[in-house]
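# Structural characterization, general
Spelled out, the chains give:
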Amino acid sequence: TPEKSAHGAGAGAMRRTSRPLFAVLVTATASRLATLALTFACDYLVTDFDSSSALVDFHECYDDADFGGERGTWVGSLFAASTTDRGEPSGGGALNEVLRRAVVWDGVHFVRICQCGYEFDNQIAFLPLWPLVMRTLQRAVLVPLSALLPSELRVSRAAGCALSGLVLSNLFFVLSAASLYRLARRLGFGTALATQACLLYAFNPASVFYSSIYTESLYNLLHFEALFHLFDDRESASALLASTALLTLATFARSNGILSCSIVFAVRMREALRILLGRVLATEPRGGEGGTGV
């Protein structure tokens, strides 16, 4: 029947669309596993350059009361006072040391904020969305799981933040690769070119940052998804609202996200100019009208 034929054609088109997307997900996952393996291998085989890892403090947080309340910041209220979290396992052993070695550069500050909240004014440079997401996974998942493990496998609060950062950073990268593919297809690029873009995104010298405890993976995921909704052909109010909300969240992850407002402005201005031009052309007199006959 025609209905069955149409249903079969739709199912076939969906399978053809999902296969490249699934391949992108598999490739992105493989790239993260390879990057992590190479990163930890180089960490043990090559002497580290100064990466601030020595600043990682896996012990208790500073209590604001110890400084007479002078060191606390207004952003600290975004996080519960972790110095009172005495129910969390302190942990120890080799796993904590492995995780400590993965905390370098800006990751030192993100892990500390996840562990203790905002203790010092200079930490305000590191925006709250990323450490807040890390801490959510650490407290909701890792803390209960760690309590069930033997003492030698438990991780401390800071090590849990580091582990959640590594897991989330790599997960967000895989999701962002899929989002990049969907964005490329929405912009009119073919399957082959969209897949090649994702391959270059997954395998490039800078992709190591997407497997570190940095904001790049989360930011890219929010940014790609925002653009995917922004360039919706229907240009509905819900799509505009979704894109604006995602770009706002991205700004809470990285400060340069504020520049993304220019993209929304450009897209809406293009639409406004298109409508205005259409109205102007519609009101112009057609050739020959209003003229005098001979």
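How each quantity is defined
Residues numbered from 1 in each chain as written. Predicted model: local features only at pLDDT ≥ 70, side-chain atom pairs only at ≥ 80, totals over all residues. Heavy atoms only, no water. Helix = DSSP H or I, 4+ residues; strand = E, 2+ residues; numbered from the N terminus. Buried < 20%, exposed > 50% of the residue type's maximum accessible area, 1.4 Å probe, protein only. Areas by Shrake-Rupley, 256 points an atom, 1.4 Å probe, with all protein chains shown as cover. 1 Å grid on protein atoms, 1.4 Å probe; cavity = no way out; pocket = protein on both sides within 12 Å on 5 of 7 lines; lining within 4 Å. Points joined across faces, edges and corners; volume = space filled by probe spheres on them. Nonpolar A, V, L, I, M, F, W, Y, C, P; charged D, E, K, R; others polar. Disulfide = S-S within 2.5 Å. Core = buried A, V, L, I, M, F, W, Y, C linked by side-chain atoms within 4.5 Å. Salt bridge = Lys/Arg side-chain N within 4 Å of Asp/Glu carboxyl O. pLDDT = per-residue confidence, 0-100. Contact = heavy atoms within 4.5 Å. Phe/Tyr/Trp six-rings, centres within 6.5 Å; stacked < 30°, edge-to-face > 60°. Lys NZ or Arg CZ within 6 Å of the ring centre and 35° of its normal.

### Focus: the overall build of the protein chain
The helix and strand inventory of the protein chain stands at 9 helices and 0 strands. When the elements of the protein chain are put in sequence order from the N terminus, they spell out α-α-α-α-α-α-α-α-α. The proportion of buried residues among the 294 residues of the protein chain is 38%. Of the roughly 17,000 Å² of accessible surface on the protein chain, 66% is carried by carbon and sulfur atoms.

### Quick look at the layout of surface pockets
Empty space within the largest pocket amounts to approximately 500 Å³. Thr39, Asp43, Asp48, Arg101 and Val104 are, among the 21 residues lining the largest pocket, the residues nearest its centre. With 5 residues, the single largest contributor to the lining of the largest pocket is helix α1 (residues 2-45). Looking at the lining of the largest pocket residue by residue, the class counts come to 13 nonpolar, 5 polar and 3 charged.

### Notes on the state of the cysteines
Counted under the stated rule, the structure contains 1 disulfide. Through a disulfide, Cys114 is tied to Cys161; the S-S separation comes to 2.3 Å. Looking down the S-S bond of the Cys114 and Cys161 bridge, the torsion is -80°, so its handedness is left-handed. Highlighted residues: Cys114 in helix α3 (residues 106-116) and Cys161 in helix α5 (residues 157-186), separated in sequence by 47 residues.

### Concerning the nonpolar core
Ranked by internal contacts, the top residues of the largest apolar core, which has 51 residues, are Val111, Trp130, Met134, Tyr201, Ile213 and Leu218. Counting only elements with at least two residues in this core, the list comes to α1, α3, α4 (129-148), α5, α6 (191-202), α7 (216-230), α8 (237-251) and α9 (261-283). In terms of residue count, α5 provides more of this core than any other element does, 14 residues in total.

### A look at empty space enclosed by the protein
Evaluated as defined, the whole model comprises 2 cavities of 30 Å³ or more. Approximately 40 Å³ is the volume found for the second largest cavity. Lining of the second largest cavity is provided by His229, Leu230, Asp232, Glu235, Ala239, Leu240 and Arg268. Mapped by element, the contributors of at least two residues to the lining of the second largest cavity are α7 and α8. Considering only residue class, the lining of the second largest cavity consists of 3 nonpolar, 1 polar and 3 charged.

### Some thoughts on the pattern of salt bridges
Inspection of the entire model under this criterion finds 3 salt bridges. With a closest N to O distance of 3.2 Å, Arg254 and Glu216 form a salt bridge. With Arg254 in the loop between α8 and α9 and Glu216 in helix α7, this pair connects stretches of sequence that are 38 residues apart.

### What about the confidence of the model for the protein chain?
The predicted model of the protein chain has a mean per-residue pLDDT of 79, with 76% of residues at 70 or higher. Across residues 64-89, where pLDDT falls below 50, the model places 49 contacts with residues more than four positions away in sequence or in other chains.

### Remarks on the packing of aromatic side chains
On inspection of all chains with the given rule, the structure shows 7 aromatic pairs. Taking the centre distance of 4.8 Å and the plane angle of 25° together, the rings of Phe173 and Tyr201 count as stacked. Separated by 28 residues along the polypeptide, Phe173 in helix α5 and Tyr201 in helix α6 bring together distant segments of the chain. Taken as a pair, Phe173 and Tyr201 share a single burial class, namely buried. Chaining the aromatic ring pairs together yields one cluster made of Phe173, Tyr201, Tyr210 and Phe224. Between Arg32 and the ring centre of Phe173, over which it is positioned, the NZ or CZ distance is 4.0 Å.

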